[in-house]
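# Structural overview for review
The lines below spell out each chain.
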Amino acid sequence: MKIVEREPEKTIKLTGDGTVPFQFHFWIQLVPVNENSCKLRLTLHADLNPMIKMMVNKHLKEGIDKMAEAVSRIPFNLSSESSGEIES
């Protein structure tokens, strides 16, 4: 995957780098809720033929859900916010 666009504190857009047999676009969006929290939205658009889509749709959704859960568990330390570091 390669990053094609970034908006700090808002969006990261990715696409395939030519190593997969289909074209896809993947967005990671952060939507502020209040000063201390935000909502995360992961979106995947893949150009798949209908037969393949039927076979992998459930697995893709489960993968996206697991990615969202993993990102939501990252402990961000607000005191290191100015340095751009993530505390783990």
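Evaluated as defined, the whole model comprises one aromatic pair. Summarising the aromatic geometry, the rings of Phe22 and Phe24 are spaced 6.1 Å apart at their centres and angled 55 degrees between planes, so their arrangement reads as tilted. The class for Phe22 is partly exposed, based on a relative accessible area of 32%. Exposure remark for Phe24: the relative accessible area of 9% places this residue in the buried category.

Turning to the side chain of Thr15, a few remarks are in order. Along the polypeptide, Thr15 turns up in strand 2 (residues 11-15). Residue class for Thr15 comes out buried when judged on its relative accessible area of 6%.

This brings us to the environment of Thr19. With respect to the helices and strands, Thr19 occurs in the loop between strand 2 and strand 3 (24-34). For Thr19, a relative accessible area of 65% corresponds to the exposed category. Between the alpha carbons of Thr19 and Met1 there is a distance of 8.5 Å; along the sequence they are 18 residues apart. Within polar-contact distance, the side chain of Thr19 engages the side chain of Asp17 at 2.6 Å.

This brings us to the sheet that holds strand 4 (residues 37-46). Read from one edge of the open sheet, four strands run 1-2-3-4, paired in antiparallel fashion. Of all the strands in the sheet, just strand 1 (2-7) and strand 4 have a single pairing partner and so form its edges. For this sheet, the mean angle separating the axes of adjacent strands, direction not counted, is 15 degrees. Alignment of strand 3 against strand 4, held across 10 bridges, turns out to be antiparallel. From the neighbouring strand, Asn34 faces strand 4, where its bridge partner is Ser37. Along the sheet, helix 1 (residues 50-72) contacts strand 3 and strand 4; its crossing angle with strand 4, the most-contacted strand, is approximately 155 degrees.

Conventions used here
Residues numbered from 1 in each chain as written. Predicted model: local features only at pLDDT ≥ 70, side-chain atom pairs only at ≥ 80, totals over all residues. Heavy atoms only, no water. Phe/Tyr/Trp six-rings, centres within 6.5 Å; stacked < 30°, edge-to-face > 60°. Buried < 20%, exposed > 50% of the residue type's maximum accessible area, 1.4 Å probe, protein only. Helix = DSSP H or I, 4+ residues; strand = E, 2+ residues; numbered from the N terminus. Polar contact = N/O pair within 3.5 Å; in protein donor to acceptor, adjacent residues only side chain to side chain. Pairing = 2+ DSSP bridges. Axes fitted to C-alpha atoms, helices over the stretch in contact; angles between N-to-C directions. Contact = heavy atoms within 4.5 Å.

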